[in-house]
Amino acid sequence: MTGNTGNTGNTGNTGNTGNVGIAGGEGGWFLADRVDLPFVTVLDPNNNPISNQRRTLAAFPDRSWSARWNAWLVLDDFVVTDWKPTAKAVLDPILAAATATAASIAAEIDDLVTAAQNERADALGEILSQDVEFFSDFMGLLSMSPGSHPKTYRVLHIASLIGSFAALHFKGTYNRVRASQLCPALLPPVPLPGHASFPSGHSTQAHLMALCVGRVLTQAVNKPPPANPPPPANLPQQDCDVLKTDLGALADRVARNREIAGLHYASDSAGGVALAQSVLATLAGMAATSFAVAITNATEEWP
């Protein structure tokens, strides 16, 4: 999942457009009050076309980059690192243990059957909403919106995109069959994703989102205060600890809901956790790159 691109608001409530033509009687004609010429033909107070005026921008403004597309710039930096061998080294033993014997495979499926029986009804609302996106869950927990914390919103998008990229790479490497393909009675309440099972993409993305925002919060606690800060200059350590704990719990819940839905084995979720941790280690080592800049910029939003 690439996630929800944000609460975009009402994209086009055109309002009450009025009565477009009460002609009355047998009908009638509408005559335009003016000729609707293109906006570029409008004249300024000196009677010159406004199209002759120019601004002095030298480059596309940084804040005009949407979070969605800015994330691709960080992905571009990430893909040239040597991230795959390290990540594979932590994923191999997880999958090997889960698929070592027919009994180990059956045990995981049996656990999913039990979860479907005992937990799915209660979890169904979150299963359905998080299948589409879970940005809203993270933003709700952080009491933020794309408008209130645009730089942190960028970090969420970076983590979501890179988490999805990394997970899909290894899904193609391991090509693990879905549990519901082996046990059709699991009958997930949402369509089966069109890619392999291990590692869980939801788990990878959610945990990387939690880890990246946690990194922002940690730096917000320890950042040098400005010369004349309105107090408090830094995020209190207690607030940081509470938010990081809650972020981790939310990521675990997103992953668990995919298991309850019959879409992922528990070992898929564990693989997502391990992959997210490995990817963060790579990202953290990318000094003076777009990721480091994104993290530093986001700390400004957490005094």
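Residues numbered from 1 in each chain as written. Predicted model: local features only at pLDDT ≥ 70, side-chain atom pairs only at ≥ 80, totals over all residues. Heavy atoms only, no water.

1. So, the environment of Arg 178
Stage number 1. Among the structural elements, Arg 178 can be located in the loop between helix H6 (150-174) and helix H7 (179-182).
Stage number 2. Through-space distance from the C-alpha of Arg 178 to that of His 264 is 6.8 Å; in sequence the pair is 86 residues apart.
Stage number 3. Leaving out residues up to four positions away in the same chain, Arg 178 has contacts with Lys 171, Leu 192, Pro 193, His 195, Ala 196, Ser 197, Leu 263, His 264 and Tyr 265.
Stage number 4. In terms of polar contacts, Arg 178 uses its side chain to reach the side chain of His 264, at 3.3 Å. (Helix = DSSP H or I, 4+ residues; strand = E, 2+ residues; numbered from the N terminus. Contact = heavy atoms within 4.5 Å. Polar contact = N/O pair within 3.5 Å; in protein donor to acceptor, adjacent residues only side chain to side chain.)

2. Digging into unusual backbone geometry
Stage number 1. Note that the residue after Phe 198, namely Pro 199, is joined by a cis bond; omega there is -5 degrees.
Stage number 2. Positioned with a positive phi, Asn 47 is a non-glycine residue whose angle comes to about 70 degrees.
Stage number 3. Mapped onto the secondary structure, Asn 47 falls in the segment before helix H1 (67-78).
Stage number 4. Asn 47 sits in the exposed class, given a relative accessible area of 55%.
Stage number 5. With phi around 35 degrees, Leu 187 is a residue other than glycine that occupies positive phi space.
Stage number 6. Considering the arrangement of structural elements, one finds Leu 187 in the loop between H7 and helix H8 (201-222).
Stage number 7. Leu 187 sits in the exposed class, given a relative accessible area of 62%. (Buried < 20%, exposed > 50% of the residue type's maximum accessible area, 1.4 Å probe, protein only.)

3. Some remarks on the nonpolar core
Stage number 1. Counting residues in each nonpolar core, the largest one holds 55 residues, and the members touching the most others are Phe 138, Ile 162, Leu 208 and Leu 283.
Stage number 2. Of all elements in the fold, only H1, helix H2 (83-98), helix H5 (135-141), H6, H8, helix H9 (237-260), helix H10 (266-284) and helix H11 (290-299) reach the threshold of two or more residues within this core.
Stage number 3. Setting aside its immediate chain neighbours within four residues, Leu 283 contacts Phe 78, Ile 162, Leu 208, Cys 212 and Phe 291.
Stage number 4. In this structure, Ala 115, Ala 123, Ile 127 and Leu 263 belong to the second largest nonpolar core, which totals 7 residues. (Core = buried A, V, L, I, M, F, W, Y, C linked by side-chain atoms within 4.5 Å.)

4. Description of the confidence of the model for the chain
Stage number 1. Of all residues in the chain, 86% have pLDDT values of 70 or greater, and the mean over the chain is 90.
Stage number 2. In this model, residues 1-25 is a region of pLDDT below 50 whose contacts with residues beyond four sequence positions or in other chains number 31 contacts. (pLDDT = per-residue confidence, 0-100.)

5. What about the pattern of salt bridges?
Stage number 1. Using the criterion set out here, one finds 9 salt bridges in the structure.
Stage number 2. With a closest N to O distance of 2.8 Å, Glu 300 and Lys 151 form a salt bridge. Taken together, the positions of Glu 300 in the segment after H11 and Lys 151 in helix H6 put the pair 149 residues apart, joining distant regions of the chain.
Stage number 3. By relative accessible area, Glu 300 is classed as partly exposed at 47%.
Stage number 4. With a shortest N-O distance of 2.9 Å, Asp 268 and Arg 176 are connected by a salt bridge. (Salt bridge = Lys/Arg side-chain N within 4 Å of Asp/Glu carboxyl O.)

6. Topic: helix H3 (residues 102-118)
Side chains three or four residues apart in an α-helix point the same way, a direct result of the helix having 3.6 residues per turn.
Stage number 1. For H3, built from 17 residues, the straight-helix expectation of 24 Å at 1.5 Å per residue is met to within 8% by its first-to-last C-alpha distance of 24 Å.
Stage number 2. Considered for burial, the residues of H3 that qualify are Ser 104, Glu 108, Ile 109, Leu 112 and Ala 115. Each buried residue of H3 sits inside an arc of 135 degrees when the element is viewed along its axis, so together they form one side. Facing away from the buried side of H3, by more than 90 degrees, are the exposed residues Ala 102, Ala 103, Gln 117 and Asn 118.
Stage number 3. Contacts made by the buried residues of H3 are with H2, helix H4 (120-132), H7, H9 and H10. (Expected span 1.5 Å × (residues − 1). Arc of directions from axis to C-beta.)

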